[in-house]
Amino acid sequence: MARVDYYAIETQIQSILQADGDLAGVMVTVEEELIFGAESTPWVGIYLDRRDAPSDLQRLAAGQQTTFILSISIWCWEYSLDSLKKAIQLRDDLLGKVEVVLMKNRTLGGQVSKSWLEGGDMPSAKVPDSAAWLSGGEIIVRAEVTSTTI
C-alpha cells in the first residue's frame, strides 16, 4: 500500500457490518454524530481516534515504509422507553453482534494486515427531560497497516 487510506478503512468496516444479516436494520455511520432518539437506534458509529508508529515495529526500510497501529472506536448505542435494564440488554446484544463480525474479519476486508479488539467505555444514562434511557458500548479496534514509498 503506497499510503494509508484511513477513510477507506473506516468505510470498509461499515460495509462489513452492513453486510452481516445479524445487523440488518442497524444504522452504521462513519465519522458522524449521533442524534439520540428512538428513531436513530440501534446505531453503530465508526471513528478513527489515532494512529501510532511504534519504533519497535519499524523495519530497516524505515525511510521507505512505516508501520502504523490505528485505534478505531466503534460505538454501539441503544435506546429504551422501558428501563435502563432494557437499554443495557439491547446494547449488550448489539455490542456482541458487532464484536463477532469484527472477529470474523481480522484484515478488515484486506485493508489492514491484522486487527484485534480491545476494551472500551460503557456509558448509560437517562435521556434528559424524558422517560427514555440510552446505553452505549465502545469497541476499540486496533489495526496494523503499513505505508510505503514503493
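All values derive from a computational prediction rather than experimental measurement.

**Student:** Can you walk me through the packing of aromatic side chains in this structure?
**Tutor:** Aromatic ring pairs: the centre-centre distance and the angle between the two ring planes describe each pair. Scanning all chains against the criterion turns up one aromatic pair. Here the aromatic rings of Trp75 and Trp77 are separated by 5.8 Å at their centres, their planes lie at 20 degrees, and the arrangement is stacked. The residues Trp75 and Trp77 share a single accessibility class, namely buried.

**Student:** How should I be thinking about the pairing of strand S3 (residues 65–80) in this particular structure?
**Tutor:** Within a regular beta strand, the side chains point alternately toward one face of the sheet and then the other, so they alternate between its two faces. Burial within S3 is extensive, with 15 of its 16 residues counted as buried. Sheet analysis places strand S2 (residues 43–52) next to S3, joined by nine bridges and oriented antiparallel. Along S3, the bridge assignment pairs Gly45 with Trp75. Pairing between S3 and strand S6 (residues 133–148): 16 bridges, direction antiparallel. Paired with Ser80 across the bridge in S6 is Trp133.

**Student:** What is the right way to read the environment of Lys126 from this model?
**Tutor:** Mapped onto the elements of the fold, Lys126 is located in strand S5 (residues 124–126). Taking C-alpha positions, Lys126 is 9.0 Å from Ser83, a pair spaced 43 residues apart along the chain. Within the structure, the side chain of Lys126 is placed 2.4 Å from the backbone oxygen of Ser130, a separation counted as a polar contact.

**Student:** Looking at this model, I keep getting lost on the nonpolar core. Mind explaining?
**Tutor:** Side chains that are nonpolar tend, in soluble globular proteins, to be buried together. Ranked by internal contacts, the top residues of the largest apolar core, which has 27 residues, are Ile13, Leu17, Val44, Ile74 and Val98. The set of elements that each furnish at least two residues to this core consists of helix H1 (6–19), strand S1 (27–30), S2, S3, helix H2 (84–104) and S6. In this structure Ile74 touches Ile13, Val44, Gly45, Ile46, Val98, Leu102, Gly137, Glu138, Ile139 and Val141, once residues within four positions along its chain are discounted. Ranked by size, the runner-up nonpolar core spans nine residues in total, among them Tyr47, Trp77, Ala132 and Leu134.

**Student:** How should the side chain of Thr67 be read in this particular structure?
**Tutor:** Along the chain, Thr67 turns up in strand S3. For Thr67, a relative accessible area of 1% translates into the label buried. A distance of 3.1 Å separates polar atoms of two side chains, one belonging to Thr67 and the other to Thr146. Dropping the residues within four chain positions of it, Thr67 is found in contact with Asp52, Ala53, Pro54, Leu57, Gln58, Arg59, Glu144, Val145 and Thr146.

**Student:** I keep staring at the environment of Ser115 and nothing clicks. Help me out?
**Tutor:** In this fold, Ser115 is placed in strand S4 (residues 114–118). In the structure, Ser115 is positioned 84 residues away from Glu31 in sequence and 20 Å away in space, judged by C-alpha atoms. Dropping the residues within four chain positions of it, Ser115 is found in contact with Asn105, Arg106, Leu108, Val141, Arg142 and Ala143. Within the structure, Ser115 has its side chain in polar contact with the backbone oxygen of Arg106 (distance 2.8 Å).

The rules behind each value
- Residues numbered from 1 in each chain as written.
- Predicted model: local features only at pLDDT ≥ 70, side-chain atom pairs only at ≥ 80, totals over all residues.
- Heavy atoms only, no water.
- Phe/Tyr/Trp six-rings, centres within 6.5 Å; stacked < 30°, edge-to-face > 60°.
- Buried < 20%, exposed > 50% of the residue type's maximum accessible area, 1.4 Å probe, protein only.
- Helix = DSSP H or I, 4+ residues; strand = E, 2+ residues; numbered from the N terminus.
- Pairing = 2+ DSSP bridges.
- Polar contact = N/O pair within 3.5 Å; in protein donor to acceptor, adjacent residues only side chain to side chain.
- Core = buried A, V, L, I, M, F, W, Y, C linked by side-chain atoms within 4.5 Å.
- Contact = heavy atoms within 4.5 Å.

Everything listed is a geometric property; what it means functionally is a separate question.
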